[in-house]
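Structural overview for review
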Amino acid sequence: MKKGVLLVNLGSPDSPEPKDVKRYLGEFLMDERVIDVPLWARTLLVKGIILNTRPKQSAEAYKKIWWKNGSPLIVLSEELQDKVQEQVEFPVALAMRYGSMTIKKGLQELVDKGVDEVMLIPLYPQFAMATTETILVLAEEVRKAHFSNLKIESLPAFYNDLEYIDVLSNSIQRHLKGKEYEHLLFSYHGVPERHIRKSDITKSHCKIDGSCCATPSKAHEFCYRHQCYEVTRLVAEKLDLVEGAYSTSFQSRLGFDPWLLPYTDRTIERLGKKGVKSMAIVTPAFVSDCLETLEEIAMEGEEIFHEVGGGEFTTVPCLNTDAAWVSLIAKWINEWSMKSVTA
């Protein structure tokens, strides 16, 4: 069998113009694993309310971070694809869950090159309904409908892979070298609390009560909250961070349902009001810088910190095309290819 690799990230509008942002948001928010309510309610909320108000606001945010050669997320993902391709002998394609760079196009690109066995790599360290799961579900639907002879195997969540933790820790340490900061905040993308309970394969463990994430359970294989806190714990251990000098928070909430706490914006505000004069922030739910890191954190987050009396605000870039990160992905691919040969 001829092997190939498909890297999959979230996606981006084709441009920062309201019409393209509206099209993108419509696809994204109508995903039943993003807004997991009945279709009639989701349609009313998204098409009746959100798409009539949010695209213009989001377009302005995208314009602040848009690069001359396109969306930062797309550009960085394409650069990652190219660099990984240099280190593996198999065709490496790139797709997005939402937008014009579809999973179908990515798989078609590989099939056109004779590939019949694909390693699918969701570019998310942690598992979540609205990220990894929706990619895997759509990829299987596309495979059945258009590429029935194709074999697809996916890379599991790698949040606790010790080599990944080393790469992430070293990147944080390198970018903070010589920087003054009193507190390091680990900010992860938020999800509704109900997503955590829905992903609980035990149907009883995840209570979001302050202890369940630290209590061993099979539920942790699919528990986004646990996996985020575990990344923080492992990195803090690797970097010898002092208890109280770092914390975990969740950003990008939408709507009025309970989302994972504490919220990043309120945490930044609290730290500033508490007297913290310098802080750094890292976003380990993302491997490529995007709207959520470049605008929500690096711009809005810094503004909040300064408004409450804070001073130095340092944003640690995502792994992007970090050489060690590229090499680790290539290693995973090569290990998969050897495993499939001996299977």
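In case you missed it, the structure is sitting above this.
A brief structural summary. (Residues numbered from 1 in each chain as written. Predicted model: local features only at pLDDT ≥ 70, side-chain atom pairs only at ≥ 80, totals over all residues. Heavy atoms only, no water.)

The next point concerns the pattern of salt bridges. Here the structure, examined in full by the defined rule, presents 24 salt bridges. Residues Glu 153 and Lys 339 are paired through a salt bridge, measuring 3.4 Å at the closest nitrogen-oxygen approach. Within this pair, whereas Glu 153 is found in strand E4 (residues 151–154), its partner Lys 339 is found in helix H11 (residues 323–342), the two being separated by 186 residues in sequence. Here Glu 193 makes a salt bridge to Arg 197, at a shortest N to O gap of 3.9 Å. With Glu 193 and Arg 197 both in helix H7 (residues 193–198) and four residues apart, this pair spans about one turn of that helix. The class of Arg 197 is partly exposed, set by a relative accessible area of 40%. Connected through salt bridges with shared partners, the residues Asp 36, Arg 194, Lys 198 and Asp 257 form a single ionic network. (Salt bridge = Lys/Arg side-chain N within 4 Å of Asp/Glu carboxyl O. Helix = DSSP H or I, 4+ residues; strand = E, 2+ residues; numbered from the N terminus. Buried < 20%, exposed > 50% of the residue type's maximum accessible area, 1.4 Å probe, protein only.)

The subject of this paragraph is helix H9 (residues 264–274). Among all positions in H9, only Thr 264, Thr 267, Ile 268, Leu 271 and Gly 272 are buried. Projected down its long axis, H9 shows its buried positions confined to an angular sector of 135 degrees, all on one face. What points out from H9, more than 90 degrees from its buried face, is the exposed set Lys 273 and Lys 274. Tucked into the core, H9 has its buried residues touching strand E5 (183–189), strand E6 (246–251), strand E7 (278–282), helix H10 (291–307) and strand E8 (312–315). Two residues or fewer after H9 comes Gly 275, characterised by a positive phi angle close to 110 degrees. (Arc of directions from axis to C-beta. Contact = heavy atoms within 4.5 Å.)

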